[in-house]
Amino acid sequence: MYFKLLKIEIMKLLSDMTAKGFRRAGARRGRRAEAQRTAQGAAPNFDAQETRTAGAAAKTVAKSAGIVALAILVGISAMTMFVGIFFSMAPALLTEFAWVYFVVYGIVVVSLCLISTIFIAKSAIFDSRDNEFVLSVPLKPSLILAVRVSMILASEYLFELLIAIPAVVIAIITAPGAISALGFVLFGLGFLLLPLFAFAASLLLAWLITILMAKLPMKNLVAIVFAVGFYLLYFYFAFSGGFSKLMLLAEDAAGYSDKLSGGILYPLYLFAQGVIAGKITDWLVFAIIAILPFAVVFTVLASTFTRILTMAKSERKKKYVARRLKSSGAFLSLVKKDLTRLVGKPMIVLNMVIGGMMAVILGIAFVINREQVFGALKMFEIEAGFAVPVGALAVIAMVYVSSMCVASASQITIESKTMWILKSAPISVQEILNSKLMLQVFVATVPVFIGSALVAAYSGAPLGEMAIIALFPTVMTLLVGIVGLLFDLKYPKLQWTTEYQAIKQNKATLFAMLLTWAYEGVSVLLYIFVFRHFASLMTYLIGLFAATILLTALLYRMLIVKGQRWWMELE
């Protein structure tokens, strides 16, 4: 039964994320168009239906190829983030402290898996909209929990793969004999066990948060404060000490070997010893330490799963206070509605504000550590023989962060069952679309502008470059928001049971990020192979900024013209 349920979940996910979902969307539009023709008294056009069927098949193949290409692109883009870390650690593989390399690999995997699963676990397991239906089915709670845990864990393995590939490739290139055949086998098995550390902690925290939210008033506010506080602490430790310690570790692995071989990192030390030295006994101890906490947490959750889902939740009683009613326009009412829903849904908040939060934190971190940044750039200039303007570096960093701020890409999907209310209200489609885009401005554009302005003010760049530093990432958030909203209009995921599915399994969010990353990647390649021969980096960024403004304006025009038609076609 477990494998049957798991197969259903996997097939449903693949159906939504592949060309089959596009094909269903196209079929719905074709049926609506034919129904309109019939309602107007026209005879069914069977030749046109056959033509549309053939055309739909060709489009499906093309879209499938596009999805594969985008998946490859996002994989390469994600892996490049980890290449620098493992390349800096590669010299340790040629010393007696080669195990340090795989301890760092374990640190990266566990830390990133922890931050990516804690609130996803809460939404997908405890806050699913189909919990009542699932509890009515004669299935064991442990079986239901196992299927949901497996789906989240599978996504963690996919994410870990993007870290493991650069780590293994760089290890093979820089130190071909460092890992034996047995080491590769133990590394592969450890690949399956490493995320269990983070997942056990994520499940436990999600369980505790669910219980607290059920007992405390203002549960949404409690969840948001807890989540934002958790991310702030995470980023504080990452930016204040995490990255700098990794750089020091790369320079002096021997000096830090004692700290990495004991304490909380001891299980990772055992894993690394198994991979490098082939110590099976150490690796087995690591496996026990990885599996045991996960098994205990899962057992506890399975025994209390039904009680948690059915426990009474406290509700804050509101006292009515008579006050004068104030009227506002349709646009402001729509914006207020979206902001109210944003605050009332913790999962939505966490996924939408994280990019803007990172932008502000990066700006503050630059202000605090600006001397270290300038010193690092000076050292790079001495070693590499050419200088990188701090203004250009700031623009590149902030533009990359702004591409992850895709708040508008799930707004149509989240409407779901309430879409009929907007369609029946005397509101223009343009006002609806502008209100969705305004949410992007509040949660992405404004924070990115604040972070970019902080960097610009303390960069020491000329006034013209300061304007580019502050405005380029800001305009980029608008571009990302428009692209995400266009995709969500064209291919919404209207059938969802959890907020996690509505946001994380939404094609629009993924495609918006992928296309903006592709835009940034092509821009970088154009400069490297074409424009760097006759233009400085800052001059090129100014021209690219102008092109981005033009592209944003054109896509906004497309949103208003075609977006209105797509909105009317939605059911």
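Residues numbered from 1 in each chain as written. Predicted model: local features only at pLDDT ≥ 70, side-chain atom pairs only at ≥ 80, totals over all residues. Heavy atoms only, no water.

1. Let's talk about the overall build of the protein chain
Next, step 1: When you go through the protein chain residue by residue, the secondary structure sums to 22 helices and 0 strands.
Next, step 2: Residue burial in the protein chain is summarised as follows: out of 571 residues, 45% are buried.
Next, step 3: Sequence-distant contacts in the protein chain: of pairs separated by 6 or more residues, those separated by 24 or more amount to 84%.
Next, step 4: Within the structure as shown, the protein chain displays about 28,700 Å² of accessible surface, and the carbon and sulfur contribution to it stands at 72%. (Helix = DSSP H or I, 4+ residues; strand = E, 2+ residues; numbered from the N terminus. Buried < 20%, exposed > 50% of the residue type's maximum accessible area, 1.4 Å probe, protein only. Contact = heavy atoms within 4.5 Å. Areas by Shrake-Rupley, 256 points an atom, 1.4 Å probe, with all protein chains shown as cover.)

2. Remarks on a nonpolar patch on the surface
Next, step 1: A surface patch of nonpolar side chains, about 750 Å² in accessible area, is lined by V522, V524, L525, L526, I528, F529, V530 and F534.
Next, step 2: With respect to the secondary-structure elements, L525 resides in helix α21 (residues 507–529).
Next, step 3: On the basis of relative accessible area, L525 is assigned to the partly exposed category, the value being 46%. (Patch = residues over 30% accessible without salt bridge, like charges linked within 9 Å, V, L, I, M, F, W, Y side chains within 5 Å. Salt bridge = Lys/Arg side-chain N within 4 Å of Asp/Glu carboxyl O.)

3. Things to note about the packing of helix α15 (residues 390–402) against helix α19 (residues 463–490)
Next, step 1: Two elements in contact, α15 and α19, have axes separated by 9 Å at closest approach and are oriented at 20°. Of the possible angle classes, the one that applies to α15 and α19 is roughly parallel. As for the relative orientation of α15 and α19, their crossing is right-handed in sense. Mapping the contact onto sequence places G391, A394, V395, M398, V399 and S402 in α15 and I468, I469, F472, P473, M476, T477 and V480 in α19.
Next, step 2: In terms of residue class, the contact of α15 with α19 is built from 10 nonpolar, 3 polar and no charged. (Axes fitted to C-alpha atoms, helices over the stretch in contact; angles between N-to-C directions. Parallel < 35°, antiparallel > 145°, perpendicular 65-115°, else oblique. Left-handed = near helix turned anticlockwise from the far one by under 90°. Nonpolar A, V, L, I, M, F, W, Y, C, P; charged D, E, K, R; others polar.)

4. Quick look at the pattern of salt bridges
Next, step 1: Scanning the model with the defined rule gives 4 salt bridges in all.
Next, step 2: As a salt-bridge pair, K436 and E415 come within 2.4 Å of each other at their nearest N and O atoms. Residue K436 is found in helix α18 (residues 429–457), and its partner E415 is found in helix α16 (residues 411–415); the two are separated by 21 residues along the sequence.
Next, step 3: What makes K436 buried here is its relative accessible area of 0%.
Next, step 4: Under the relative-accessibility criterion, E415 is labelled buried at 2%.
Next, step 5: The network of salt bridges with shared partners includes K337, D338, E415 and K436.

5. A word on the packing of aromatic side chains
Next, step 1: By the definition in use, this model includes 19 aromatic pairs.
Next, step 2: Linked through ring pairs, F86, Y101, F102, Y105, F187, F197, F271, W283 and F286 together constitute an aromatic cluster. (Phe/Tyr/Trp six-rings, centres within 6.5 Å; stacked < 30°, edge-to-face > 60°.)

6. Concerning the packing of α15 against helix α22 (residues 537–569)
Next, step 1: Between α15 and α22, whose axes approach to 9 Å, the crossing angle comes to 40°. On the basis of their axis angle, the class for α15 and α22 is oblique. Helix-helix and strand crossings are classified by hand; for α15 and α22 the assignment is left-handed. Side by side, α15 and α22 meet where G391, A392 and V395 of the first sit next to L537, M538 and L541 of the second.
Next, step 2: Split into classes, the residues belonging to the contact of α15 with α22 amount to 5 nonpolar, 1 polar and no charged.

7. A short note on α19
Next, step 1: Under the 1.5 Å per step criterion, the end-to-end length of α19 is 41 Å for 28 residues, consistent within 8% with the ideal 40 Å.
Next, step 2: The largest bend in α19 amounts to roughly 25° and is located at L471, with the proline P473 lying one to four residues further along. (Expected span 1.5 Å × (residues − 1). Bend = angle between axes of the 7 residues up to and from the residue.)

8. Quick look at the nonpolar core
Next, step 1: By size, the foremost hydrophobic cluster in this structure holds 66 residues, and its most contacted members are Y101, F102, Y105, I125, F126, L203 and F271.
Next, step 2: For this core, the elements supplying multiple residues, two or more each, are α3 (46–89), α4 (99–126), α6 (141–174), α7 (181–215), α10 (266–277) and α11 (280–310).
Next, step 3: Contacts of L203, omitting those with residues within four sequence positions, involve A121, I125, V149, F294, V297 and L301. (Core = buried A, V, L, I, M, F, W, Y, C linked by side-chain atoms within 4.5 Å.)

9. A few points about α21
Next, step 1: Helix length check: α21 (23 residues) gives 32 Å between terminal C-alpha atoms against 33 Å at 1.5 Å per residue, within 8%.
Next, step 2: Taken residue by residue, α21 has K507, A508, T509, F511, A512, M513, L514, T516, W517, E520, S523 and Y527 as its buried positions.

10. Considerations on the environment of I549
Next, step 1: Mapped onto the fold, I549 is located in helix α22.
Next, step 2: A relative accessible area of 40% means that I549 is categorised as partly exposed.
Next, step 3: Along the primary structure I549 and F472 are separated by 77 residues, whereas in three dimensions their C-alpha atoms are 8.7 Å apart.

11. Quick notes on the side chain of S410
Next, step 1: As for its placement among the helices and strands, S410 is situated in the loop between α15 and α16.
Next, step 2: Excluding residues that lie within four positions of it along the chain, S410 makes contacts with M352, D488, A502, I503, N506 and T509.

12. Comments concerning the environment of V110
Next, step 1: Structurally, V110 can be placed in helix α4.
Next, step 2: Separated by 88 residues in the primary sequence, V110 and A198 place their C-alpha atoms 5.5 Å from one another.

13. Here's the deal with the confidence of the model for the protein chain
Next, step 1: The share of residues in the protein chain with pLDDT of 70 or more is 68%, and the mean pLDDT across the chain is 76.
Next, step 2: When mean pLDDT is taken per element in the protein chain, α22 scores highest with 90 and helix α2 (residues 19–39) scores lowest with 52. (pLDDT = per-residue confidence, 0-100.)

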